[in-house]
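# Observations on the three-dimensional arrangement
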Amino acid sequence: MKRLFITLLILSSHSLLKAQKGFNYLDVAGGTMIKNQLVSEISYEWVGKYYSAHEVFLEYAIDKGDEIFKKQNDKDFSLQDTDNSTDTIIYNPNDHIRNFMVGYAYKPLITRNKNVALNLRTAGSTGTNELDFIASLSLGFELNVTFSNGWVWTLREKNQVVFYDPQSWRIGLLTGIKIPLTKD
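Procedures and definitions
Residues numbered from 1 in each chain as written. Predicted model: local features only at pLDDT ≥ 70, side-chain atom pairs only at ≥ 80, totals over all residues. Heavy atoms only, no water. Helix = DSSP H or I, 4+ residues; strand = E, 2+ residues; numbered from the N terminus. Polar contact = N/O pair within 3.5 Å; in protein donor to acceptor, adjacent residues only side chain to side chain. Contact = heavy atoms within 4.5 Å. Buried < 20%, exposed > 50% of the residue type's maximum accessible area, 1.4 Å probe, protein only. Pairing = 2+ DSSP bridges. Phe/Tyr/Trp six-rings, centres within 6.5 Å; stacked < 30°, edge-to-face > 60°. Lys NZ or Arg CZ within 6 Å of the ring centre and 35° of its normal.

### Details of the side chain of E41
Here E41 lies in strand β2 (residues 37-47). At a separation of 2.4 Å, a polar atom in the side chain of E41 contacts the side chain of R156. In contact with E41, not counting residues within four places along its chain, are D27, V28, A29, E55, F57, L58, E59, R121, R156, K158 and L174.

This is the structure we're talking about:
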């Protein structure tokens, strides 16, 4: 009888046991990239089996450019204008290069310990830099620290290659929060 009970328990365990499924999150992040670029992201993330996550995101990046904030006595004013009567630099907000992208990211779990998780973040996105079509692929790491109320602090290391853009390589750090929406 004991063997029969154990055998039935083992055979029916596939229907009793399920892999962990987590929360759905609203994610807001921002940070800086090498070569004077600021990046912000807003995304919707859902956690699948075994803590691997999927994410749909909107990304806004602004390239401040090295030429915009030159000192007044420099002779090259390629991206800025001067007012000769007062010798002041006139700031032109159109000198920025803005990128708008939408994309998808898959984040398989690398390791997890209590409330800290490390994921590999692979993403692809498409969009515009206000002049042309651009596309990007990115690979990086994401460190998540979960608090008792379900909110998550995140730190992302981002390595991104952007096609059809003057600045093709972007490397930087983003930090943000994930707000839990619903639990599956």
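### A look at unusual backbone geometry
In the Ramachandran plot, Y50 falls in the positive-phi region, its phi being about 60° despite a non-glycine side chain. Under the relative-accessibility criterion, Y50 is labelled exposed at 59%. A positive phi is found at Y51, a non-glycine position, where the angle reads about 65°. As for its placement among the helices and strands, Y51 is situated in the loop between β2 and β3 (53-63). Look at Y51 and you get partly exposed, because its relative accessible area is 30%.

### With respect to the pairing of β3
As paired elements, β2 and β3 share 11 bridges and run antiparallel to each other. By the bridge assignment, L38 is partnered in β3 with I62. Connecting β2 to the antiparallel partner β3 that follows it, the hairpin turn spans five residues, and Y50 within it adopts a positive phi of roughly 60°.

### Re the packing of aromatic side chains
Counted according to the given criterion, the structure contains three aromatic pairs. Seen from their ring centres, Y44 and W46 are 5.8 Å apart, and the 35° between their planes marks the pair as tilted. Note that R112 overlies the ring of Y51, its terminal NZ or CZ placed 4.1 Å from the centroid. The side chain of R121 reaches across the aromatic face of F57, ending 5.2 Å from its centre.

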